[in-house]
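Architecture at a glance
Okay, here's what each chain looks like letter by letter:
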Amino acid sequence: MEIKSMIYEGKAKKVFATDQDDIVLVSYKDDATAFNGEKKGTILGKGVVNNRMSNFLMQKLEEQGVPTHYVEECNERDTLVKKVEIVPLEVIIRNKACGSFSKRYGVAEGTELSIPTIEFSYKNDDLGDPLINDSHALALNLATQEEIDEIKRLAYKVNDVLIAYFKTIEIELVDFKLEFGRYQNQIVLADEISPDTCRLWDIHTHARLDKDRFRRDMGDVEEAYLEVFKRLGI
Ligand code: TMP
């Protein structure tokens, strides 16, 4: 496959066109940002971990019936994916209270939730990705009711598959963010699943093995990413 010009550069990834109209190449960077790009840094090796981990988990999800954008890993940082039209909703599933949920509702971090919760943010950097509900998303034509229903069904399915998998490597899935895209009239899982987009705690010690170490200046950021990578055994 021939790789053509860069069509987009995001905070953590670059996207390149290919000689096939419906396939793009995603290249994972070591750049890290938080708080809508206000905090900037580098996490050495992050691009490799996120690329390999995301591909590994997307293949697992495909096996369990979740359609994804994954096509083929090219090398440790680059992957071919289906060129989707991203639905501008960040889909967040939470199993335990943490982060903005804890702050908003005054619940201690780590509190078990009676049911897994789902919430949407409007994917819009200028507005700081505000929380949005189904009715607002419909009113703004961000997605149809059918698409929202499918996104919710798939997001809960992803949660079930990932909780079970992470348990086998002694990691607790506290919460995570997904993005979905439209591809040939189907909703497919897109973007990435990595320590950038999940809260991953060691089951025994509750040590944080994710980007919160960067967001909160906790130290040992690279080590946390490598620890997850090591446990994945990929
Ligand atoms: P939050 O508690 O800050 O709302 O984050 C919930 C989850 O979403 C957490 O696993 C981190 C992830 N996340 C992203 O992937 N990107 C973001 O921009 C934010 C704010 C959170």
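Not every one of the 13 residues close to the ligand is listed here, only the nearest: Arg 94, Ser 100, Asp 175, Lys 177 and Arg 199. At a separation of 2.5 Å, an oxygen atom of the ligand approaches a polar side-chain atom of Ser 100. Here an oxygen atom of the ligand sits 2.5 Å away from a polar atom, N or O, in the side chain of Asp 175. Burial of the ligand by the surrounding chains reaches 75%, relative to a free accessible area of 450 Å². Only strand S9 (89-96), helix H2 (99-105), strand S12 (171-183) and strand S14 (198-202) provide two or more residues apiece to the shell around the ligand. Here the shell around the ligand takes 3 residues from S12, the largest share from any one element. Along the lines of polarity and charge, the residues of the shell around the ligand split into 4 nonpolar, 3 polar and 6 charged.

Here the focus is the packing of aromatic side chains. One pass over the structure, following the stated rule, counts 3 aromatic pairs. Both rings, one in Phe 56 and one in Tyr 165, keep their centres 5.7 Å apart while their planes meet at 65 degrees; by these two values the pair is edge-to-face. Here Phe 56 is found in helix H1 (residues 46-63), whereas its partner Tyr 165 is found in helix H4 (residues 145-168), with 109 residues between them in sequence. Residue classification places Phe 56 among the partly exposed positions, given a relative accessible area of 22%. With 5.8 Å between their ring centres and 55 degrees between their planes, Tyr 165 and Phe 166 make a pair best called tilted. Its relative accessible area of 12% is what places Tyr 165 among the buried residues. Through a chain of ring-to-ring contacts, the aromatic side chains of Phe 56, Tyr 165 and Phe 166 assemble into a single cluster. Geometry around Phe 214 places Lys 39 over its ring, the cationic atom sitting 5.2 Å from the centre.

Here we take up H4. Helix length check: H4 (24 residues) gives 35 Å between terminal C-alpha atoms against 34 Å at 1.5 Å per residue, within 8%. Of the residues making up H4, those classed as buried are Glu 147, Ile 148, Ile 151, Leu 154, Ala 155, Val 158, Asn 159, Val 161, Leu 162, Tyr 165 and Phe 166.

Scoring rules and cut-offs
- Residues numbered from 1 in each chain as written.
- Predicted model: local features only at pLDDT ≥ 70, side-chain atom pairs only at ≥ 80, totals over all residues.
- Heavy atoms only, no water.
- Near = heavy atom within 4 Å.
- Polar contact = N/O pair within 3.5 Å; in protein donor to acceptor, adjacent residues only side chain to side chain.
- Areas by Shrake-Rupley, 256 points an atom, 1.4 Å probe, with all protein chains shown as cover.
- Helix = DSSP H or I, 4+ residues; strand = E, 2+ residues; numbered from the N terminus.
- Nonpolar A, V, L, I, M, F, W, Y, C, P; charged D, E, K, R; others polar.
- Phe/Tyr/Trp six-rings, centres within 6.5 Å; stacked < 30°, edge-to-face > 60°.
- Buried < 20%, exposed > 50% of the residue type's maximum accessible area, 1.4 Å probe, protein only.
- Lys NZ or Arg CZ within 6 Å of the ring centre and 35° of its normal.
- Expected span 1.5 Å × (residues − 1).

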